[in-house]
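So the chains spell out like this:
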Amino acid sequence: MATLDGPADVLAEGQDSWISNVVDHPEPFLAPPQDAGIRQGLEMPGCVGLAQTRPVHQLRHRQLPTQEFIDSKLTPLVVVASVLLGAFAVLMLPREEEPQIKVPMIDVLVAMPGFSAREVEERATRPMEKLLWEIPGVEYLYSQSHEGQALTIVRFKVGSDPDASLVQVTEKLRANFDRVPHGVAFPLIKPKSIDDVPILALTFHSTRYDHLALRRLVAQVDDVVKQVPLVAETSVIGGARRELRILLDPVRLASRGLSPAGLIPMLRQANRQFRSGELVSNDQSMVVETGGFLRTAEEVGTVVVGIAQGRPIYLREVADVVDDAEEPSNYVCFGDGRASHAEGKESRLGEQPAVTLAVAKRPGANAISVAEDVLRKVEGLRGTLIPSDVTLSITRHYGETAAEKSNELLLHMGIAVVSVSILIWLTLGWRESGIVAVAIPATLALTLLVFYLYGFTLNRITLFALIFSIGILVDDASVVVENIVRHFHLPGNQGRPWNAIAVEAVSEVGNPTILATFAVIAAVLPMAFVGGLMGPYMRPIPIGASAAMFWSLLIAFIVTPWASIRMLRWAKGESRLAALHSGEHGAHEDVLTRL
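Residues numbered from 1 in each chain as written. Predicted model: local features only at pLDDT ≥ 70, side-chain atom pairs only at ≥ 80, totals over all residues. Heavy atoms only, no water.

> For this particular structure, what's the right way to read the pattern of salt bridges?
Side-chain pairs of opposite charge can arise whenever the charged atoms involved come near each other. Taken as a whole and judged by the stated rule, the model has 14 salt bridges. Across the pair E317 and R311 runs a salt bridge whose closest N-O atoms are separated by 3.3 Å. Residue classification places E317 among the buried positions, given a relative accessible area of 17%. Judged by its relative accessible area of 40%, R311 falls in the partly exposed class. (Salt bridge = Lys/Arg side-chain N within 4 Å of Asp/Glu carboxyl O. Buried < 20%, exposed > 50% of the residue type's maximum accessible area, 1.4 Å probe, protein only.)

> It is not clear to me how the side chain of E317 should be interpreted in this structure. Could you clarify?
Residue position: E317 is located in helix 11 (residues 315-318). Contact partners of E317, with chain neighbours within four places excluded, come to R252, R256, R311 and P312. (Helix = DSSP H or I, 4+ residues; strand = E, 2+ residues; numbered from the N terminus. Contact = heavy atoms within 4.5 Å.)

> It is not clear to me how the packing of helix 16 (residues 460-489) against helix 17 (residues 498-508) should be interpreted in this structure. Could you clarify?
Two quantities define a packed helix pair, namely the angle between the axes and the distance from one axis to the other. Look at helix 16 against helix 17: their axes get within 9 Å of each other, and the N-to-C directions meet at 130 degrees. By the criterion of interaxial angle, the relationship of helix 16 to helix 17 is oblique. Seen along the crossing, helix 16 lies across helix 17 with a hand that is right-handed. Here helix 16 contributes V480, N483, I484, R486, H487 and F488 to the contact with helix 17, which in turn contributes W498, I501, A502, A505, V506 and E508. When grouped by side-chain class, the residues that make up the contact of helix 16 with helix 17 number eight nonpolar, two polar and two charged. (Axes fitted to C-alpha atoms, helices over the stretch in contact; angles between N-to-C directions. Parallel < 35°, antiparallel > 145°, perpendicular 65-115°, else oblique. Left-handed = near helix turned anticlockwise from the far one by under 90°. Nonpolar A, V, L, I, M, F, W, Y, C, P; charged D, E, K, R; others polar.)

> Looking at this structure, how should I read the packing of helix 14 (residues 398-427) against helix 16?
Viewed as axis vectors pointing N to C, helix 14 and helix 16 meet at an angle of 15 degrees, and their least axial separation amounts to 9 Å. The angle between helix 14 and helix 16 places the two elements in the roughly parallel class. Every pair of crossing elements has a handedness; the one defined by helix 14 and helix 16 is right-handed. Contacts from K405, S406, L409, L410, H412, M413, A416, V417, V420 and I424 of helix 14 reach helix 16 at R460, L463, L466, I467, I470, V474 and S478. Tallied by class, the residues present in the contact of helix 14 with helix 16 amount to 12 nonpolar, three polar and two charged.

> Explain the nonpolar core to me, please; I cannot follow it from the model alone.
Nonpolar side chains in soluble globular proteins generally cluster together in the buried interior. Formed by 56 residues in total, the largest nonpolar core has its most connected members in I440, L444 and L448. Listed by contribution, the elements that provide at least two residues to this core are helix 4 (74-92), helix 14, helix 15 (430-454), helix 16, helix 17 and helix 20 (540-568). Setting aside residues no more than four positions away along its own chain, I440 makes contact with V417, V420, L473 and V474. (Core = buried A, V, L, I, M, F, W, Y, C linked by side-chain atoms within 4.5 Å.)

> I keep staring at helix 15 and nothing clicks. Help me out?
With 25 residues, helix 15 ought to run about 36 Å at 1.5 Å a step, and its terminal C-alpha atoms sit 36 Å apart, in line with that. With its phi angle positive at about 90 degrees, G455 sits one or two positions after the end of helix 15. (Expected span 1.5 Å × (residues − 1).)

> Teacher, can you tell me more about the packing of aromatic side chains here?
How two aromatic rings sit relative to each other is set out by the distance from centre to centre and by the angle between their planes. Per the stated rule, a full pass over the model turns up seven aromatic pairs. Between F177 and F186 the ring centres are 5.1 Å apart and the planes differ by 65 degrees, which places this aromatic pair in the edge-to-face class. On the basis of relative accessible area, F177 is assigned to the partly exposed category, the value being 34%. By relative accessible area, F186 is classed as partly exposed at 34%. The rings of F451, Y454 and F456 are connected pair by pair, giving a single aromatic cluster. In this structure, R316 packs its charged tip against the face of Y314, placed 4.7 Å from the ring centre. (Phe/Tyr/Trp six-rings, centres within 6.5 Å; stacked < 30°, edge-to-face > 60°. Lys NZ or Arg CZ within 6 Å of the ring centre and 35° of its normal.)

> Whenever I open this one, the confidence of the model for the chain confuses me. Can you help?
A residue-level look at the chain finds 82% of positions with pLDDT of 70 or above and a mean pLDDT of 78. When mean pLDDT is compared element by element in the chain, strand 5 (residues 149-156) scores highest at 92, while helix 2 (residues 15-23) scores lowest at 35. Taken together, the stretch residues 1-61 has pLDDT below 50 and engages in 61 contacts with residues farther than four places along the chain or on a different chain. Low confidence marks residues 570-588, where pLDDT is under 50. Its contacts with residues over four positions away, or in another chain, come to 28 contacts. (pLDDT = per-residue confidence, 0-100.)

Now the structure itself:
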């Protein structure tokens, strides 16, 4: 090294050789204090206040949380806690095939007996539509006018509160009921939602029992199923209800001077029960009831419907009372199709009488758990309430299909994680691939936690959002890992502490990584504000991708440097990185490292 004993012109003459000697100096560089500049004076012979030029990687960068977490014992706890929170979210998230979209729809049914369809439309339907359009949030009205009745379906905007919408419709009609024409009954208001669709359909069929017996059996099963938690509406489809039919004989009625219109008040009076009073005696209370309800065909036949020639006329004298099934308006039968014959199942002869029990869940409930609870409850009734010669077939199992599709998408997400790890292994190395593989589960777990806190369900859209996020969330960790490995191979970092090199490597790419991450978030997140039906349907994709990018940025700055130092130190005695770090310049480098 030349002696510098001249002024600034001598410094300029020998500056290049002095800088190259500084870079090749075997002593490690000491990081300057936080409040120091990038140039500092050196005490050299013949030179006062000479400025030392430092390598580019030692320039001051923006402070990141890497320094605080790279040696902290809380860092592995962050990874473990993230994975556990993700597992908790997976267990608690309700599973469905499609996202839940809140589209409040309310049916308003108005009865106008004796009016034609045109009169119903002019006197009831149109005035009611004008009132309903005044309610804020109403998007569509669908009306149907028939003879004697009118039906209006009120559809609110997507995302409206169903309970608030129901209250608004009810109060609007109630406040204007004084404007309703004479002969119009108060409207029947019934809300409808996507949760009214049954998630489970159980069909009971038998060759021994008819439609009437099966209907009475399923009605008892229905009472038990309603006791299962999170079960909302249940409906019995098919079968025949029990009905007492009175078949009047015109000849016998005319011989006794009676008419069919005169029998109706007598039957209504006989089918009543009143509380007549209360007797209190000796600290005991006894309720006195008069009358009673008709229960059997014999009791109906003993009703007095008139008096002729000083003697009572009983109903059985002028009519036949039949205790049987109602007149059928629809049929539900069960039979085997071609698929059952192809699978080798036992064939049943013809079609059997059947009754179906449909079960719907409450809003926000897990379809899989509700369906399993109902099936477990019904299976417990076999041998007690359900006879052995009644066959139970599951004709719709929404929970099973939802579980199948969600599990399939979870499998594909795992395949995507493994594929990305293999790709990084082929480009950077297996240790670097392991570092990125640590960051991916932690990021996905925190994203699932965001889904749970946001109120989403685990469906095909949310899982697609996770699979879509895997391709972009590995960018931050890959950039950080690659730069850390590059800095470990720099000759100027030989002999320096591993932690200091990793912190400088992360700080060097910190600003570009933050900018790239928020640029992706800014490009994807506006899709969450799309309106209409597609808005809430596709909203999990921008929210999931944005959350995944944000968490991947934190994981890249907190967990990735910590994992890089520990995983790259494994097999220290045989790795080329350890050889370079210990000062051996002749270590072998592969093609990817030279690139």
